[in-house]
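Chains, contacts and geometry: an overview
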Amino acid sequence: MDLEVKGVAASPASQAQAISGREKPLQDGPPNHGELRILAYLCKSHFFTFELFNGVPRLDLGSLVDSDDEEQDVIPNNLPAPTDKYKLNYQQYKTEVKEGHKQYSQRNAEKTKPQITHQQTPRKKIDEKCVQGAEADADDLTTLDRKALLQQGYADNPPIAQRGTRRSDAEIVAAEKKKQTVTEQVMTDHLSRIKTRSTLTENMLSHKVQFDGRVVSRNGHDACRELVGFFFTHDQSLTIYEYRQFGKNRTNVLPFIQKNIYCHQRGRRKGKQYQLGDFYVGANLTFLSSDHPGLPGSIKENTLLTLRITNVDQIALHSLNCRTDSVEHDDITNQEANDRLVFKAIQDVLREQLHKRGVRIVTRLGKYLRQVDKEGNGLLNKADFKQALEVFDLEVSENDFESLWLILNDNDNDNGKVDYGEFKRAIIGEMNEYRKSFVRKAFMKLDFNKTGSVSMIDIKKCYCAKKHPQVISDLRCNQGTSFSRNGASHIMNIRHFTEEEIKSSFLETLKDACSKSEEVSYGEFEDYYEGLSIGIVDDEDFVHILRTPWGI
């Protein structure tokens, strides 16, 4: 009879004569699966149709699907049992596949994480819109301002916790080693000068407070000196040593200020003897340069030597405070508190004006004051400072300016002039000592010859922008792993930058702050980060901005 296939008409019997004359006829019984596939293909292709033997069931093309039974029949039943080696290899392969899938899932999660972070938890400490330079209300920002604000982007890429911990541990160990070395040298020097060495003498010298300090100077070599001082409570004397390190293993400790009883040389406490309450982080110690002939020549050029306390042994300080009388709150203390309120009121107003353009204004203000200082002694008169505020549109009321001037102009020997570095710190404020310590570390890494200035070529070589978040985003875009235009990058309107663009932006803004186009002094380097610091609330964000490009 004719073959009937669902959806295919039966052909006349005459068209199947060629097949019926085959040498090997079809076997009895239903055809196997392979033969049915061939028949279906031939029928569907309309090559021919033919009559089959009686007993062949109707062919249903819909039932021609692979079955598990067929696949199982392919596997022989007499296979040997797998060996232990095979089982071990299979387990290893299975584990590798699972681990690979896990890592792949983690990478995908990390790629999508920035989208969620930017949409759900925007940064409050740093204005990202300032970094992007795309705000609608940023008409007062210049191109240099936007380029300088790109440096704040490093804070968006937090450091690896483990690496940060290692660095912190290493820094702590180095600080403890320095402290021990200096202490041993101080005790050796002073005990050797005493003829009757006894336990009582050693106990007297042990009642001391150790502190770290730095020279307040525009000279980079002097500003980066590592100073360690001691205040002895038994006789109210103090001494300061300089710690020098040559290479990795060689160190030297030399007296910087000889042990003696000293008095304040500036401020409300001028002429007053130093006491335990004068030693705290941020306090200034002033000395007459003429009283210390052993000081370096660059320091002796100035009448006064000003040292800033950067760290204090709080445990020893607390212990000694408990043994001595509490600090008296006299009239001088109240006057100093009022002075700080005057400074803070002016600083709050100006820092609000400089929030987004701090780098440009602070650096150019310093550059302007250096140019006005024709004598080169760092002193300017009242009219010069008023003119500077007008040039840079820094609004300070007349009453606030007069109050500020009365506080700063307390030295009759300056003929009505004030150090412009001190004036700038008073009106704008300055970074805390924790931030400044990292600025000095970065500069000391660049100034390996300790000349106090660094060439632009060396800065270009050392500055690395590979880990800037926008550089990383640019690389992801080039590799095809960036977000879509409908993703977070499109929502926030972020422009990606190459490594070279970030570096060029930094060099351009830094060069604008320098008096010499191919050289950067420590003062100019510090002014740059002083201005950048104004717009950064968190200390660790600022530290990361320095750590990442400079590798410190």
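Residues numbered from 1 in each chain as written. Predicted model: local features only at pLDDT ≥ 70, side-chain atom pairs only at ≥ 80, totals over all residues. Heavy atoms only, no water.

What to know about the overall build of the chain
Of regular secondary structure, the chain possesses 23 helices and 10 strands. Here the chain holds 552 residues, and 37% of them are scored as buried. By sequence separation, contacts in the chain at least 24 residues apart represent 69% of the contacts at least 6 residues apart. Carbon together with sulfur atoms contributes 50% to the accessible area of the chain, which is approximately 32800 Å² in total. (Helix = DSSP H or I, 4+ residues; strand = E, 2+ residues; numbered from the N terminus. Buried < 20%, exposed > 50% of the residue type's maximum accessible area, 1.4 Å probe, protein only. Contact = heavy atoms within 4.5 Å. Areas by Shrake-Rupley, 256 points an atom, 1.4 Å probe, with all protein chains shown as cover.)

Notes on the sheet that holds strand β2 (residues 226-232)
Read from one edge of the open sheet, six strands run β4-β3-β2-β1-β6-β5, paired in antiparallel fashion. What marks the edges here is a single partner per strand, and that holds for β4 (250-260) and β5 (284-288). Strand-to-strand twist of the sheet, defined as the mean angle between neighbouring strand axes without regard to direction, takes the value 30°. The pairing of β2 with strand β3 (residues 237-246) spans seven bridges and is classified as antiparallel. (Pairing = 2+ DSSP bridges. Axes fitted to C-alpha atoms, helices over the stretch in contact; angles between N-to-C directions.)

Digging into the nonpolar core
In this structure, Ile-459, Ile-502, Phe-506, Phe-525, Tyr-529, Leu-546 and Trp-550 are the most contacted members of the largest nonpolar core, which totals 38 residues. For this core, the secondary structure elements donating two or more residues are α17 (433-446), α18 (456-462), α21 (499-512), α22 (522-533) and α23 (539-550). Ranked by size, the runner-up nonpolar core spans 26 residues in total, among them Phe-343, Phe-385, Leu-404 and Leu-408. (Core = buried A, V, L, I, M, F, W, Y, C linked by side-chain atoms within 4.5 Å.)

Thoughts on the UniProt feature "domain: EF-hand" (unreviewed entry) in the chain
According to UniProt, the feature "domain: EF-hand" (unreviewed entry) maps to residues 360-395 and 434-469 in the numbering used here. From the first C-alpha to the last, residues 360-395 spans 17 Å; its make-up is 64% helix and 6% strand. The straight-line gap between the two end C-alpha atoms of residues 434-469 is 25 Å; of that span, 58% is helix and 8% is strand. (UniProt positions renumbered as here; feature names shortened; annotations may be inferred.)

Notes on unusual backbone geometry
Despite not being glycine, Asp-393 shows a phi value in the positive range, around 55°. For Asp-393, the location among the structural elements is in the loop between α14 (382-391) and α15 (398-408). Looking at Asp-393, the relative accessible area reads 56%, which means it is exposed. Although it is not a glycine, Lys-450 sits at a positive phi angle of roughly 55°.

Observations regarding the pattern of salt bridges
For the structure shown, the criterion picks out 26 salt bridges. For Asp-145, the salt bridge identified is with Arg-360, shortest N-O distance 2.9 Å. With a gap of 215 residues between them, Asp-145 in helix α6 (residues 143-149) and Arg-360 in helix α13 (residues 358-372) connect regions that are remote in the sequence. The buried category is assigned to Arg-360, whose relative accessible area is 15%. The salt bridge partner of Glu-526 is Lys-436, with a shortest N-O separation of 3.6 Å. Here Lys-436 lies in helix α17 and Glu-526 lies in helix α22, a separation of 90 residues in the sequence. There is no split in this pair, since Glu-526 and Lys-436 are both buried. Overlapping salt bridges, with partners in common, bring together Arg-214, Arg-308, Glu-430, Glu-433, Lys-436, Glu-526 and Glu-530 in one network. (Salt bridge = Lys/Arg side-chain N within 4 Å of Asp/Glu carboxyl O.)

Focus: the packing of helix α12 (residues 331-353) against α15
Two numbers describe how α12 lies on α15: the axes approach to 10 Å, and their chain directions differ by 135°. Relative to α15, the element α12 is oriented oblique. α15 is crossed by α12, and the crossing has left-handed handedness. Contacts between α12 and α15 pair Asp-339, Val-342, Phe-343 and Ile-346 from the former with Asp-400, Ser-403, Leu-404, Ile-407 and Leu-408 from the latter. A breakdown of the residues in the contact of α12 with α15 according to their chemical character gives six nonpolar, one polar and two charged. (Parallel < 35°, antiparallel > 145°, perpendicular 65-115°, else oblique. Left-handed = near helix turned anticlockwise from the far one by under 90°. Nonpolar A, V, L, I, M, F, W, Y, C, P; charged D, E, K, R; others polar.)

Topic: the environment of Leu-408
Within the secondary structure, Leu-408 sits in helix α15. In this structure Leu-408 comes out as buried when scored by relative accessible area, which is 4%. When near neighbours in sequence (up to four residues on either side) are disregarded, Leu-408 contacts Arg-266, Phe-343, Val-418, Glu-422, Phe-423 and Ala-426.

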